[in-house]
Amino acid sequence: MALRLFLDSADPQAWQQWLPSGLFHGVTTNPTLLRRASQPCNLNNLAELSRMALAHGIAELHLQAWGANAAEMLQCGQALAALAPGRIAVKVPVTQQGAAVARDLVRDGIPVTFTACYEPHQVLIAAALGAAYIAPYLGRINDQGRDGAAEVVAMQRSLEGVGSSVRLLVASLRQTHDLTSLAGAGLNTFTISPELAAALFRCEATTAASAQFECDAQP
């Protein structure tokens, strides 16, 4: 499968800065990112944000459903998917409630992204239910004193072992080395912050060479 990069942000200014680059397959958001961007987490505002994000030509927008119970979360997920059918993936936590919601969304033909994955065995839930993605939190796994990279690779091997088409959407990446290391191990789907996107282009030697080219191009 080809590389897919997602921009992990709910900030329209970040979308304006990075999405025209063509680097990103899509955008991932959640209620926490909405709060950080001072964006209300409600359907009306998400409808407007969806219009703005998709206008940049991305293939997918991942929006997280919420609800006090499975029925409310399912209703929310269905409403989110209806904002742009075929281009919205609905995120649900990899909990028992989230699994019940995912089952019904998948049956309706709605792409599902399981989120907040911390344990290798959780990817089997996504595989069993036919989710499109599951997002392990690499940096937060490391914060627990574990080897996040090794555990993410183990997750990928489990999915391959059962012949699943679920994509491992690696999240909570904090440095460019995280990307290159996991890509070398066969991982191909990542969601990164605007700050990490900027770091991908940060190379003094490249900047200097580019400046020299411009200088030499002058008559």
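Residues numbered from 1 in each chain as written. Predicted model: local features only at pLDDT ≥ 70, side-chain atom pairs only at ≥ 80, totals over all residues. Heavy atoms only, no water.

Peer 1: What is the right way to read the overall build of the chain from this model?
Peer 2: The helix and strand inventory of the chain stands at eleven helices and eight strands. At 18 Å, the chain has a C-alpha radius of gyration in line with the 17 Å of a compact globule built from 219 residues. Seen through its C-alpha atoms, the chain measures out along the principal axes to roughly 65 × 40 × 30 Å. Look at the contacts in the chain between residues 6 or more apart in sequence, and 55% of them connect residues 24 or more apart. For the chain, the distance from the average position of its 14 positive side-chain charges to the average position of its 17 negative side-chain charges is 6 Å. (Helix = DSSP H or I, 4+ residues; strand = E, 2+ residues; numbered from the N terminus. Rg over C-alpha atoms; globule rule 2.2 N^0.38 Å. Contact = heavy atoms within 4.5 Å. Lys, Arg positive; Asp, Glu negative; His and termini not counted. Charge placed at Lys NZ, Arg CZ, Asp CG, Glu CD.)

Peer 1: Would you explain the packing of aromatic side chains in this entry?
Peer 2: Given two aromatic rings, their pairing is described by the distance between the two centres and the angle made by the two planes. Considering all chains together, one arrives at three aromatic pairs under this definition. Ring centres of Phe6 and Tyr133 lie 5.8 Å apart, and the angle between their planes is 90 degrees; on these two criteria the pair is classed as edge-to-face. With a gap of 127 residues between them, Phe6 in strand E1 (residues 4-8) and Tyr133 in strand E6 (residues 133-136) connect regions that are remote in the sequence. Tyr133 matches Phe6 in its accessibility class, with the two residues each being buried. (Phe/Tyr/Trp six-rings, centres within 6.5 Å; stacked < 30°, edge-to-face > 60°. Buried < 20%, exposed > 50% of the residue type's maximum accessible area, 1.4 Å probe, protein only.)

Peer 1: Looking at this structure, I do not really get the pattern of salt bridges. What am I missing?
Peer 2: Here the idea is simple: oppositely charged side chains can pair when their charged atoms come close. The full count for this structure, using the stated rule, is six salt bridges. One salt bridge connects Glu60 with Arg4, and the closest N-O pair in it is separated by 3.7 Å. Note that Glu60 is positioned in strand E3 (residues 60-64) and Arg4 in strand E1, a separation of 56 residues in sequence. Overall, the relative accessible area of 17% leaves Glu60 in the buried class. The salt bridge involving Asp104 is made with Arg103; its shortest N-O contact spans 3.1 Å. Residue Asp104 is classed as partly exposed on the basis of its relative accessible area, which comes to 21%. Shared partners join several salt bridges into a network, and the residues in it are Glu119, Arg146 and Glu151. (Salt bridge = Lys/Arg side-chain N within 4 Å of Asp/Glu carboxyl O.)

Peer 1: How do you make sense of the sheet that holds E3 when you look at a structure like this?
Peer 2: The pairing of strands in a sheet happens through backbone hydrogen bonds and is either parallel or antiparallel. Ordered by their spatial adjacency, eight strands build an open sheet running E7-E6-E5-E4-E3-E2-E1-E8, and the pairing between neighbours is parallel. Each edge of the sheet is formed by a strand with only one pairing partner; in this case those strands are strand E7 (167-168) and strand E8 (189-192). The strands touched by helix H3 (residues 43-54) are E3 and strand E4 (88-93); relative to E3, the strand with the most contacts, the crossing angle is about 160 degrees. Against the sheet, helix H4 (residues 70-81) touches E3 and E4, its axis set at about 160 degrees to E4. (Pairing = 2+ DSSP bridges. Axes fitted to C-alpha atoms, helices over the stretch in contact; angles between N-to-C directions.)

Peer 1: For this particular structure, what's the right way to read the state of the cysteines?
Peer 2: Should the sulfur atoms of two cysteines be covalently bonded, the bond is a disulfide. Summed over all chains, the structure comprises zero disulfides. Of all cysteine sulfurs, the one in Cys76 lies closest to Cys41, which takes part in no disulfide; the gap is 7.2 Å. A residue is classified by how much of its surface remains accessible, and Cys41, at 33% relative accessible area, is partly exposed. Judged by relative accessible area, Cys76 falls into the buried class, the value being 7%. (Disulfide = S-S within 2.5 Å.)

Peer 1: Is there a simple way to think about the packing of H4 against helix H5 (residues 96-107) in this case?
Peer 2: Relative placement of two packed helices is described by the angle separating their axes and the distance separating the axes. Between H4 and H5, the shortest axis-to-axis distance is 9 Å and the interhelical angle comes to 45 degrees. The angle between H4 and H5 falls in the class oblique. Every pair of crossing elements has a handedness; the one defined by H4 and H5 is right-handed. For the pair H4 and H5, contact is made by Ala70, Met73, Leu74, Gly77 and Gln78 and by Gln97, Gly98, Val101, Asp104 and Leu105, respectively. Classifying every residue of the contact of H4 with H5 by side-chain character gives five nonpolar, four polar and one charged. (Parallel < 35°, antiparallel > 145°, perpendicular 65-115°, else oblique. Left-handed = near helix turned anticlockwise from the far one by under 90°. Nonpolar A, V, L, I, M, F, W, Y, C, P; charged D, E, K, R; others polar.)

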